[in-house]
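A look at the structure
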Amino acid sequence: MAILKFRIYFEEDESIYRDIVIRHTQSFRDLHDSILKSYEFDNKHKATFFRSNDHWQRGREISLEKYDKAYKAEPLLMEDTTIGSEIRDPNQKFIYVYDFVKNWAFLVELINVSKEENPKMTYPGMVRTEGIAPSQYGTKGLLGEKFADVEEKYDLSSGADGFGEKDEDGEDFGEAESTPGSEEEV
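Below is a short write-up of the structure. (Residues numbered from 1 in each chain as written. Predicted model: local features only at pLDDT ≥ 70, side-chain atom pairs only at ≥ 80, totals over all residues. Heavy atoms only, no water.)

Structural notes on unusual backbone geometry
A cis amide bond links tyrosine 123 with the next residue in sequence, proline 124, at an omega value of -5 degrees. Topologically, proline 124 is positioned in the loop between β7 (104-114) and β8 (125-130). A positive phi angle, near 60 degrees, is found at glutamate 40, a position not held by glycine. Within the secondary structure, glutamate 40 sits in the loop between α1 (28-38) and β3 (47-52). (Helix = DSSP H or I, 4+ residues; strand = E, 2+ residues; numbered from the N terminus.)

Printed below as a string of structure tokens:
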């Protein structure tokens, strides 16, 4: 059984990529799920692969489902199409597009073919990660989810308690000391 290793580049930055190994008998749906998992994307949007050449031109479409759009040729379906059936040369390339609104594009390149299966490996599987994946929704940095907690705990936006508000004398709340009998509650 052939084991195929694909390098999946983030189209906008080729220094960001994931290497995924997959059996040639597994489907494009398996590869689709692996790419999303490796880039920490959810599985809520439309997606498609295009068979490609060395110039990254889009060829035959291998789609998650048949979408309501015009096709030059009927798309193959990911669920029914094995990876091995679409390999035409030793450096086969595909373009993977996810979420047609945001238009996430990834360049998928076959970089190795092996006859030996690793018994400790679950296929498909990610074997290499380079670079920080783009955030599917909004921003994601080195701090990850912890940063959002800090933002919520210390809300420094204008109009938040004690920031940017003035009392009737024009003084900032929080800077003036409250005197006994004043209407301001502490």
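With respect to the packing of aromatic side chains
Scanning the model with the defined rule gives 14 aromatic pairs in all. With 6.1 Å between their ring centres and 40 degrees between their planes, phenylalanine 41 and tyrosine 98 make a pair best called tilted. Of this pair, phenylalanine 41 sits in the loop between α1 and β3 while tyrosine 98 sits in strand β6 (residues 93-98), and the two are 57 residues apart along the sequence. Residue phenylalanine 41 is classed as buried on the basis of its relative accessible area of 8%. Three or more aromatic residues joined by ring pairs form one cluster here, namely Phe6, Phe10, Phe28, Tyr39, Phe41, Phe49, Phe94, Tyr96, Tyr98, Trp104 and Phe106. Looking at lysine 69, its charged tip hangs above the ring of phenylalanine 100, at a distance of 6.0 Å from the centre. Over the aromatic face of tryptophan 56 sits the side chain of lysine 93, whose NZ or CZ is 5.7 Å from the ring centroid. (Phe/Tyr/Trp six-rings, centres within 6.5 Å; stacked < 30°, edge-to-face > 60°. Buried < 20%, exposed > 50% of the residue type's maximum accessible area, 1.4 Å probe, protein only. Lys NZ or Arg CZ within 6 Å of the ring centre and 35° of its normal.)

Some remarks on the pairing of β3
Counting buried residues along β3, six of its six residues qualify, which places the element largely inside the surrounding structure. Side-chain alternation along β3 places Ala47, Phe49 and Arg51 on one buried face and Thr48, Phe50 and Ser52 on a second face that is also buried. Of the strand pairs in this sheet, β3 and β6 are connected by six bridges, and their pairing is antiparallel. Counted as the bridge partner of arginine 51 is phenylalanine 94 from β6. (Pairing = 2+ DSSP bridges.)

Looking at the side chain of lysine 93
Its location among the elements puts lysine 93 in strand β6. Of note is the side chain of lysine 93, whose polar atom sits 3.1 Å from the side chain of aspartate 54. (Polar contact = N/O pair within 3.5 Å; in protein donor to acceptor, adjacent residues only side chain to side chain.)

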